[in-house]
Amino acid sequence: MKRLFTMTVATCALMATSALADGHCAAGKTLADGKFTIATGNPAYFPWVMDDAPESGKGFEAAVAYAVAGEMGFAAEDVVWVRSSFDEAIQPGAKNFDVNMQQYSITPERDEVVDFSAPYYTAPMAVLVSPGATDTAPTLAALKGLKWGAVGSTTAVAKLGDVVKPDSDLLLYGDNADVNAAMSANQIDAALFDLPTALFLSAVMIEGSKVIGQFPADEGDNPDQFGMLMEEGNPLKACVDAAITAITDNGTLAAIEAEWLQSTTGVPLIK
Amino acid sequence: MSEQKAAGMTRRAIFEQKQRRRATLIAASSTAIVVLALVVLIPMAPGWEKVQKSFFNGAVLAKSFPKLLEAFKINIMIFAWSAPAIAVLGLLIALARDAKSPALFPLRIFGAAFTDVFRGVPVILTVYLIGFGIPGLGLPRPWNSPYIWGSLALILTYSAYVAEIFRSGIDSVHHSQRAAALSLGLSERQAMRDVILPQAVRNVVPSQMNMLIALQKDVSLLSFIGPVEIFRQAGVFKSLLANFTPYVGAAIIFLIVTIPATRYADYLMARQTRERR
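Residues numbered from 1 in each chain as written. Chains lettered and ligands numbered in written order. Predicted model: local features only at pLDDT ≥ 70, side-chain atom pairs only at ≥ 80, totals over all residues.

1. Focus: helix α10 (residues 252-260) of chain A
All names here are of chain A. Here α10 has its buried residues at Leu253, Ile256 and Trp260. Seen end-on, α10 carries its buried residues on one side only, within an arc spanning 60°. Among the exposed residues of α10, those pointing more than 90 degrees away from its buried face are Ala254 and Ala258. (Buried ≥ 20, exposed ≤ 12 C-beta atoms within 10 Å, placed from the backbone. Helix = DSSP H or I, 4+ residues; strand = E, 2+ residues; numbered from the N terminus. Arc of directions from axis to C-beta.)

Spelled out as structure tokens, the structure:
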């Protein structure tokens, strides 16, 4: 009975709202009619979003967001940005965003609770070392002996535990800035990030640090692929997937990647 | 009448027994109604299934619980070395604030400033500032360990509170005790050590138990500067599994420790009230 009522309400809402062009797949499926609400981190980090201002469309994820929105039939001014934490994204109940983009790695466990779009980026994991450890060889044997840190909410933690298996206990932090502080205080020798973040931190944030190696993207059972996060069962998923596939096929995505993400070929693979 | 006498009960006793039974019955049925309402009504909420899946997920709990217990050892470790240090430093600060001699006035100022600063700053800020700041000065390993400096942050903050409780204990001992001790020929030091402190400390044991319980929970704040204790471990599981159940698991472990401790503090408090009457 309750379900029937909800469905009736939903159907009425669907019929009442059709500001988007008729027949477009996103019509009536977004949070606010005719608007595409995208969540990003608070703060959002370079090179994913430049200057913490996603509205500018600058930065890899901001640019992808506008490309996807355009593909789905939304004008740039119809894109609404909100901020969210990881916890808000996975909590049960209604969401305040249509899609959430902040380098979410797609994992089967997460996929049970929320929906992911098709991947828009495949990120190799890279090793950032402190100024004192820059001559470490990019081999697993050498990496084992380092004192490791990582951001506790990332898939880097699992990667460290499964692949690197360091000799001493991990230290885990809340965000990139805290890892940075710990590395500056010489409390950790190395930290594991996705490659673009690692390159940014070494170039801009932590003086003297260096990205000494990256893990092959196909290492292990699942490479780290970033997807847009949506509420479980969101009807918008089909549209978003179609848009991402379209910009992948027509080369837009590759162009955005070339514009915002540094060439990652110079970093040696870890053996 | 005679039957009642045979049962060995007066009319009043019978009446009171009836009243008691009635009260028990009412208490039992009202509790049953409330529990029933919760058990029936909550699952009727439209989002219950989702909430249950992400907060009370048996499979996730089973998967994460052993590692949470493992991580809880780190909490216990940090607690074990911080608590005695807090007791000692707290007592010293309390004594500093209580110094009577005019020459020791700077000590009193120090004690007051210490409690003002460390009671006024949120614990997490102290943990960040000391945990990242002091090692950032360039200390060599292992002396820059977040365990050392994070614990120091806890010790400083908590000894400020504990010092105030000790001071209230010292104040609660009537000053005639000190006068009496001095008139018997004891020195200031002896009076404090042998007459005032034993009573003062006894008076504040229940309050200090509460500080212990609070400390036991606040140890988790060290997770912000690196140590993978239970709260961080639960956060890692939360992120990997996109599920909040590990936090519930951590809460269960905390409760297993804190509920007996809280009950014991209550017992001490009640006993003290009885003794004072």
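2. Side note on the sheet that holds strand β7 (residues 148-151) of chain A
Residues and elements named next belong to chain A. Across the sheet, which stays open at both edges, the 5 strands sit in the order β8-β7-β9-β6-β10 with mixed pairing between neighbours. Every other strand in the sheet has two partners, leaving β8 (171-173) and β10 (210-214) as the edge strands with one partner each. Each strand axis lies, on average, 30° off the axis of its neighbour in the sheet, ignoring direction. Contacting β6 (125-129), β9 (190-194) and β10, helix α8 (residues 195-205) crosses the sheet at an angle of about 130° to β9. (Pairing = 2+ DSSP bridges. Axes fitted to C-alpha atoms, helices over the stretch in contact; angles between N-to-C directions. Contact = placed C-beta atoms within 7 Å.)

3. Description of the interface of chain B and chain A
Each side of the interface is counted separately: chain B has 22 residues, and chain A has 29 residues. Elements with a minimum of two residues in the side of chain B that touches chain A: α3 (48-55) and α10 (230-241) of chain B. Ranked by residues supplied to the side of chain B that touches chain A, first place goes to α10 of chain B with 6 residues. A breakdown of the residues in the side of chain B that touches chain A according to their chemical character gives 12 nonpolar, 8 polar and 2 charged. (Nonpolar A, V, L, I, M, F, W, Y, C, P; charged D, E, K, R; others polar.)

4. Structural notes on the nonpolar core
Ranked by size, the top nonpolar core spans 132 residues in total, and within it Val127, Leu128, Ala150, Ala190 and Ala191 of chain A carry the most contacts. The element contributing the most residues to this core is helix α7 (residues 146-172) of chain B, with 13 residues. Once you skip the residues sitting within four places of it in the chain, alanine 190 of chain A turns out to touch Val127, Leu128, Val129, Ala133, Leu143, Leu146 and Trp148 of chain A. (Core = buried A, V, L, I, M, F, W, Y, C linked by C-beta atoms within 7 Å.)

5. Quick word on the domain arrangement of chain A
Residue and element names in this part refer to chain A. Split by domain assignment, chain A resolves into domain 1 (2-121 + 226-260) and domain 2 (124-214). Averaged C-alpha coordinates put domain 1 and domain 2 at centres separated by 30 Å. With 7 residues of domain 1 in contact, the opposing surface of domain 2 contributes 7 residues. The residue inventory of the side of domain 1 that touches domain 2, partitioned by class, reads 4 nonpolar, 3 polar and no charged. (Domains from an automatic or database assignment.)

6. Let's talk about the domain arrangement of chain B
Its domain assignment divides chain B into domain 1 (2-44) and domain 2 (57-276). A straight line from the C-alpha centre of domain 1 of chain B to that of domain 2 of chain B covers 43 Å.

7. Structural notes on the environment of alanine 177 of chain A
Looking at the element boundaries, alanine 177 of chain A is found in helix α7 (residues 176-184). Separated by 129 residues in sequence, alanine 177 of chain A and tryptophan 48 of chain A place their C-alpha atoms 15 Å apart.

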